[in-house]
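Below are the chains, spelled out letter by letter.
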Amino acid sequence: MPRVLEFLGQHAPDVACLQETKCDAQQFPEAELAQAGYRSIHHSGGRWAGVALLVRDGLDVSDPVYGLQGEVAHDEARWVEATIDGVRIASVYVPNGREVDSPTYAEKLTFLEAMAQRAPQLDVIAGDMNVAPSDVDVYDPSVFEGATHVTAAERTRLAAVMQAGGLVDAYRVLHPEPEVGYTWWDYRQGHFHRGMGLRIDLVLVDAEKIAPRLRSVGIDRDFRKGAKPSDHAPLLVAWS
DNA sequence: ATGTCACGCATGGCGTGA
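First things first, this report covers the structure right here in the doc. Chains are numbered independently. Their residues run from 1 in the order of the written sequence. Starting at A for chains and at 1 for ligands, labels are handed out in the order in which the entities are written. In view of the model being predicted, local features appear only for residues whose pLDDT reaches at least 70, and side-chain atom pairs are presented and counted only at 80 or more, with totals across whole chains, interfaces and linings using the full set of residues. Neither water nor hydrogens contribute to the side-chain values; these are computed over all heavy atoms in the structure.

With respect to the sheet that holds strand 6 (residues 87-93)
Paired strands, in this sense, are two strands between which DSSP finds at least two bridges. Helix numbering and strand numbering both begin at the N terminus, where a helix is a DSSP run of H or I of at least 4 residues and a strand a DSSP run of E of at least 2. Read across the sheet, six strands follow the order 4-5-6-7-11-8 without closing on themselves; strand pairing throughout is mixed. Looking along the sheet, the strands with just one partner apiece sit at the ends: strand 4 (61-66) and strand 8 (167-169). Pairs of neighbouring strands in the sheet enclose a mean axial angle of 20 degrees, with direction left out of account. Relative to strand 6, strand 5 (residues 79-84) is paired through six bridges, and the arrangement is antiparallel. The residue bridging Ile-84 from the neighbouring strand is Val-87, located in strand 6. Here, two residues are considered to be in contact whenever any of their heavy atoms come within 4.5 Å of each other. A fitted line through C-alpha atoms serves as each axis, taken over the contacting stretch for helices, and the angle formed by two N-to-C directions is quoted from 0 to 180°. Those strands touched by helix 4 (residues 152-165) are strand 7 (124-128), strand 8 and strand 11 (201-206), and its axis lies near 135 degrees from that of strand 8.

Here is the structure:
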């Protein structure tokens, strides 16, 4: 929470899409966030996962939906969406998948397929996709041979989400390959300070409604530093 | 080097899920 409040104070976003809130519904710090000027729309699943939309006071919020039609486990709390000032936006935490022969990998592919079914209803899908779209988004592809996050099956399904929804990868609109924009670094082995990251957190935006209005897309690496950082850094997206 | 992190459990370390 100290880092979240620091983030809200520093960047004053209209909307913050959170993943891995890791608390049950009763524990979600609605009051503390309200004190900071943000309304919470959250789907909380207890010890793991959990997603939320934090909306700055004064913006209109309607039609929240908790969970994703077709996902394997609603209780895992990996998807929440709402309409905010006319923009339909989802915060998502795609299952990690662990290993390609594990049940959670199959669950991950199913989740991505369910996202593609839902994508046409969304203007923005933001969150931890747990998929690196391209080898440029991986510090060393040879390390990930045979691993999750980079398989053709995952990348094909992520591309299908964008195709189905008419969405584009906001970071890549303003920062084409081969520019590197990692959003996650393992806590171990000093990966962050050695530049060993992945770009697995994406903001997908409607190609016609939003992409032409993009003003800036960037990653605030400072939030991966300091006291008790997340292992992810926030991706900041602004449009006019 | 699986070298980090946080948490629940019934501790004083181990399993879990990143």
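Concerning the protein's contact with DNA strand B
Near is defined per residue: the residue qualifies when any heavy atom it owns lies within 4 Å of the molecule or strand. Neighbouring DNA strand B are the residues Glu-20, Arg-47, Trp-48, Arg-78, Tyr-93, Asn-96, Arg-98, Tyr-187, Arg-188, Gln-189 and Lys-228. The share of sugar and phosphate among atoms of DNA strand B within 4 Å of the protein is 55%. Arg-188 is positioned with one of its backbone polar atoms (N or O) 3.3 Å from a sugar or linking oxygen of DNA strand B. For the surface near DNA strand B, the per-class residue count stands at three nonpolar, two polar and six charged. Two N or O atoms form a polar contact when they lie within 3.5 Å of each other; inside protein one atom must be a possible hydrogen donor and the other a possible acceptor, and for residues adjacent in sequence the pair counts only when both atoms belong to side chains. Under the scheme applied, nonpolar residues are Ala, Val, Leu, Ile, Met, Phe, Trp, Tyr, Cys and Pro; charged residues are Asp, Glu, Lys and Arg; polar residues are all the others, including Gly.

So, the pairing of strand 11
With a 1.4 Å probe rolled over the protein chains alone, any residue whose accessible area is under 20% of its type maximum counts as buried; one over 50% counts as exposed, and the rest are partly exposed. Where burial is concerned, most of strand 11 is hidden: six out of the six residues are buried. With five bridges connecting them, strand 7 and strand 11 associate as antiparallel partners. Each residue of the ladder has a partner; that of Asp-128, found in strand 11, is Asp-201. Bridge count between strand 8 and strand 11: three bridges; the pairing is antiparallel. Looking at strand 11, one finds that Leu-167 is bridged to Asp-206.

A few points about the layout of surface pockets
Both cavities and pockets are sets of points on a 1 Å grid over the protein atoms alone; in a cavity a 1.4 Å probe fits but cannot get out, in a pocket the set is open with protein on both sides within 12 Å along at least five of seven lines, and lining residues sit with an atom within 4 Å of a point. Grid points are joined across faces, edges and corners, and a volume is the space filled by probe spheres set on the points. Taken as a whole, the largest pocket holds about 1700 Å³ of empty space. In terms of lining residues, the largest pocket is bounded by 49 residues, among which Phe-7, Ala-16, Cys-17, Leu-18 and Pro-234 are the most central. Those elements that place two or more of their residues in the lining of the largest pocket are helix 1 (2-11), strand 1 (15-19), strand 6, strand 7, strand 11 and strand 13 (235-239). Of all the elements, helix 1 adds the most residues to the lining of the largest pocket, at six residues. A breakdown of the residues in the lining of the largest pocket according to their chemical character gives 32 nonpolar, seven polar and ten charged. Segmentation of the chain into domains, including their bounds, is taken from an automatic or database domain assignment. Residue contributions to the lining of the largest pocket reach at least three from each of two domains, namely domain 1 (1-67) and domain 2 (94-239). Of the volumes computed, that of the second largest pocket is approximately 690 Å³. Lining the second largest pocket are 29 residues, with Tyr-93, Asn-96, Gly-97, Arg-98 and Asn-130 positioned closest to its centre. Taken together, the residues that form the lining of the second largest pocket break down as ten nonpolar, nine polar and ten charged.

Comments concerning the pairing of strand 6
Counting buried positions along strand 6 gives seven out of seven residues, so the element sits mostly inside the fold. Residue alternation in strand 6 divides its side chains into two sets, Val-87, Ile-89, Ser-91 and Tyr-93 and Arg-88, Ala-90 and Val-92, and both sets are buried. The turn joining strand 5 and strand 6, which pair antiparallel and follow one another in sequence, is formed by two residues; a positive phi near 50 degrees is taken by Asp-85. One ladder, built from five bridges, connects strand 6 with strand 7; its direction is parallel. By the bridge assignment for strand 7, Ile-89 is matched with Val-124. Think of it like this: strands point away, you trace from the first strand over the helix to the second, and a clockwise trace means the crossover is right-handed. Since strand 6 and strand 7 lie parallel, the crossover through helix 3 (residues 103-118) that links them has a hand, and here it is right-handed.

Focus: the pattern of salt bridges
Each reported salt bridge corresponds to a side-chain nitrogen of Lys or Arg within 4 Å of a carboxyl oxygen of Asp or Glu. Evaluated as defined, the whole model comprises 15 salt bridges. Its salt-bridge partner being Arg-56, residue Asp-14 comes within 2.3 Å of it at the nearest N-O pair. One end of the pair, Asp-14, is in the loop between helix 1 and strand 1; the other, Arg-56, is in strand 3 (residues 51-56), with 42 residues separating them in the sequence. On the basis of relative accessible area, Asp-14 is assigned to the partly exposed category, the value being 40%. The partner of Lys-209 in a salt bridge is Asp-123, and the shortest N-O contact between them spans 3.0 Å. Note that Lys-209 is positioned in the loop between strand 11 and strand 12 (214-219) and Asp-123 in the loop between helix 3 and strand 7, a separation of 86 residues in sequence. Judged by its relative accessible area of 35%, Lys-209 is partly exposed.

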